[in-house]
Amino acid sequence: MRVRDENKEITIREKAIELIVKEGFNGFSMQKLAKGAHVSPATIYIYYKNKEEMLNKLFMHVRIVFWETAMVDFHPEMQLEEGLLQQWKNRFHFILAYPMHFQFMEQFRNSPLIKHKDVDISQFKVSMKAFIKNAISRNEMKKMEPEIFWAIAYGSFYSLVKFHLDDKSMMGRPFEFTETKIKQAVKLVTKALNP
Amino acid sequence: MINKEQFTFVYKTNIQNENDHFKIKNILGAHQLVEEWSVDTEDKDCVLRVVSDKISEQEIKETIHRIGFQCTELI
């Protein structure tokens, strides 16, 4: 009888994420993964039916890791600035701790290959919505289109992260996204959101 | 719920196209002892994957052989 080997499962998953990020989904195959992860193709097929199903399971896993990381020390009742600061810190931590996961998530966020229905309901989304609702009811911000809120609250964050990850920022020199700079930017973002 | 990993069997086959897939569907889809099955026709080994805790690895192989397909354990 076959015994479940969690380490093997993790090795397969991490290698798959890495290969898909580096070589793209079209260039990816179960055979390549077997070689890369030093396991037999049979072992991979125990966990996954085919590469499409695998992609969806990986995406779901990566989102759960992201959600869990984003929720650390965060409460929907936090003041707007305090909550945003925690979100920025947590999200930055996720990107630094799981760079492959982050790239994978960015790559497939809007991919038609991902069956979003399976992954849409989460405590993360519930908390993020409650956080915004609370901020509005405390008059820390006005009601606005979610896209506008996201662009201001987090779009700015991802731009700064990109500067940090690139060797050179727009100024032609390296940009280090330090805690002081995070705080400074969150202050500005909060001001922009204030009514 | 059965522990799926323990009862998942994978085979290398020559189930290549839709027509082949249809033949397999007629057999495995209607099989009361088969909980779940799929064929990865995109893979070069056309991997057949069957989940069942009531039928043996060998029995599945013989079932596939009987309808004229190759089916060997995937290594």
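What you see is a predicted model, and the numbers here were worked out from it, not measured in a lab.

## As for the domain arrangement of chain A
All names here are of chain A.
Thought 1: As assigned here, chain A comprises domain 1 (1-48) and domain 2 (59-193).
Thought 2: If you average the C-alpha positions of domain 1 and of domain 2, the two centres end up 30 Å apart.
Thought 3: Listed as interface residues are six residues of domain 1 and, on the opposing side, eight residues of domain 2.

## Topic: the interface of chain B and chain A
Thought 1: With 14 residues of chain B at the contact, the number on the chain A side is 13 residues.
Thought 2: For the side of chain B that touches chain A, the elements supplying multiple residues, two or more each, are strand 1 (8-13), strand 2 (36-40) and strand 3 (47-51) of chain B.

## Things to note about the sheet that holds strand 4 (residues 71-73) of chain B
All names here are of chain B.
Thought 1: Strand order across the open sheet formed by four strands is 2-3-1-4, with antiparallel pairing between neighbours. Both outer strands of the open sheet, strand 2 and strand 4, are each paired with one neighbouring strand and no more. In this sheet, adjacent strand axes meet at a mean angle of 30° when their direction is disregarded.
Thought 2: Both strand 1 and strand 3 contribute to a ladder of four bridges, which runs antiparallel. Within strand 3, the position partnered with V10 by the bridge is R49.
Thought 3: Contacts from helix 2 (residues 57-66) reach strand 1, strand 3 and strand 4 within the one sheet, and its direction differs from that of strand 1 by about 35°.

## Some remarks on the packing of helix 1 (residues 6-23) of chain A against helix 2 (residues 30-37) of chain A
Residue and element names in this part refer to chain A.
Thought 1: Two elements in contact, helix 1 and helix 2, have axes whose closest approach is 9 Å; the angle formed by their N-to-C orientations is 120°. Considering the angle they form, helix 1 stands oblique to helix 2. In this structure, the crossing between helix 1 and helix 2 has a hand that is right-handed. Note on element contacts: helix 2 touches helix 1 through K32, L33, G36 and A37, opposite T11, I12, K15, A16 and L19.

## Some points on the confidence of the model for chain B
Thought 1: Confidence along chain B averages 91 in pLDDT terms, with 96% of residues attaining 70 or more.
Thought 2: Two numbers describe this predicted complex: its pTM, 0.86, and its ipTM, 0.86.

## Focus: the environment of F7 of chain B
All names here are of chain B.
Thought 1: One can find F7 in the segment before strand 1.
Thought 2: The exposure class assigned to F7 is partly exposed, which follows from the 19 C-beta atoms found within 10 Å.
Thought 3: Sequence spacing of F7 and S52 is 45 residues, and the spatial spacing of their C-alpha atoms is 5.5 Å.

What counts, and at which threshold
Residues numbered from 1 in each chain as written. Chains lettered and ligands numbered in written order. Predicted model: local features only at pLDDT ≥ 70, side-chain atom pairs only at ≥ 80, totals over all residues. Domains from an automatic or database assignment. Contact = placed C-beta atoms within 7 Å. Helix = DSSP H or I, 4+ residues; strand = E, 2+ residues; numbered from the N terminus. Pairing = 2+ DSSP bridges. Axes fitted to C-alpha atoms, helices over the stretch in contact; angles between N-to-C directions. Parallel < 35°, antiparallel > 145°, perpendicular 65-115°, else oblique. Left-handed = near helix turned anticlockwise from the far one by under 90°. pLDDT = per-residue confidence, 0-100. Buried ≥ 20, exposed ≤ 12 C-beta atoms within 10 Å, placed from the backbone.

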